[in-house]
Amino acid sequence: MKIVCIGRNYADHAKELGNQVPTEPLFFFKPESAILHKDHPFAIPEWTRDCHYEVELVVRLDRAAKWISPEHAGRCYASVGLGIDFTARDIQAELKAAGKPWEKAKAFDGSAVVSSQFIPIADLGGEIQDLSFSLFLNGNEVQQGHTQDMLFSVDALISHVSQYSTWKTGDLLFTGTPAGVGPVQSGDELEGRLDGRSMFSITVL
Ligand code: ZN
């Protein structure tokens, strides 16, 4: 399976990092080895001084899809989870400045937190573009997102990516992060909530 991540899908987050709001979806991959093992703590890699959390709604693909239109993309998923796209921001900034790919900053071991639970969208009101989610750092809410604020809808993202890379059953789509990203430190506790439900709790080593 693969993980497809979307960059800059919330205007307020694109602006907080000084980026332009994109005119088409920006995507990149994380390998399966990036997934943080269930119930394991997150270890900050020793080669970064500025490792950031990014909470994101995660969509799991239930069927393969290639060249799928946005109108039909809704057939490809039925449930959503929550995750963190951990990012070595200092390394990413160096790579961006040099015009190089981001993988070293984005695809490292443990950089993809994925909730063990995926909730049927039908149980969340039935509309994927009407979901709220948030991240708590040591008990304080640091990120708050609502899927209606996405620049590109989930269906548009699935369609766009499928023009280049075939979706396979079990693939995961990280749909981008809202504003409020920031660094983690050893000892931090992160909790993600989707529609008020606790989806994951992790400790930072
Ligand atoms: Zn992200």
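Residues numbered from 1 in each chain as written. Predicted model: local features only at pLDDT ≥ 70, side-chain atom pairs only at ≥ 80, totals over all residues. Heavy atoms only, no water.

The strand order across the open sheet formed by four strands is S10-S9-S13-S14, and the pairing between neighbours is antiparallel. Both outer strands of the open sheet, strand S10 (140-146) and strand S14 (197-203), are each paired with one neighbouring strand and no more. When the angles between neighbouring strand axes are averaged without regard to direction, this sheet yields 15 degrees. Summarising the sheet, strand S9 (residues 132-137) and S10 pair through six bridges and their orientation is antiparallel. Following the sheet pairing, leucine 135 is matched in S10 by glutamine 143. (Pairing = 2+ DSSP bridges. Helix = DSSP H or I, 4+ residues; strand = E, 2+ residues; numbered from the N terminus. Axes fitted to C-alpha atoms, helices over the stretch in contact; angles between N-to-C directions.)

A few words on the coordination of the zinc ion. Listed as protein donors to the zinc ion are Glu54 (OE), Glu56 (OE) and Asp85 (OD); their distances from the metal cover 1.9 to 2.1 Å. Each donor residue of the zinc ion lies on one chain, and together they are spaced E-x1-E-x28-D. Pair check on accessibility: glutamate 54 and glutamate 56 agree, each one buried. (Donors = N, O, S within 2.8 Å, 3.2 Å for Na, K, Ca; no water. Buried < 20%, exposed > 50% of the residue type's maximum accessible area, 1.4 Å probe, protein only.)

Position of glutamate 191 among the secondary structure elements: in strand S13 (residues 189-194). Using a relative accessible area of 18% as the deciding quantity, one classes glutamate 191 as buried. A polar atom in the side chain of glutamate 191 sits 3.2 Å from the side chain of arginine 193. For glutamate 191, the contacting residues outside a window of four places in its chain are Ser134, Leu135, Phe136, Ser198, Phe200 and Ser201. (Polar contact = N/O pair within 3.5 Å; in protein donor to acceptor, adjacent residues only side chain to side chain. Contact = heavy atoms within 4.5 Å.)

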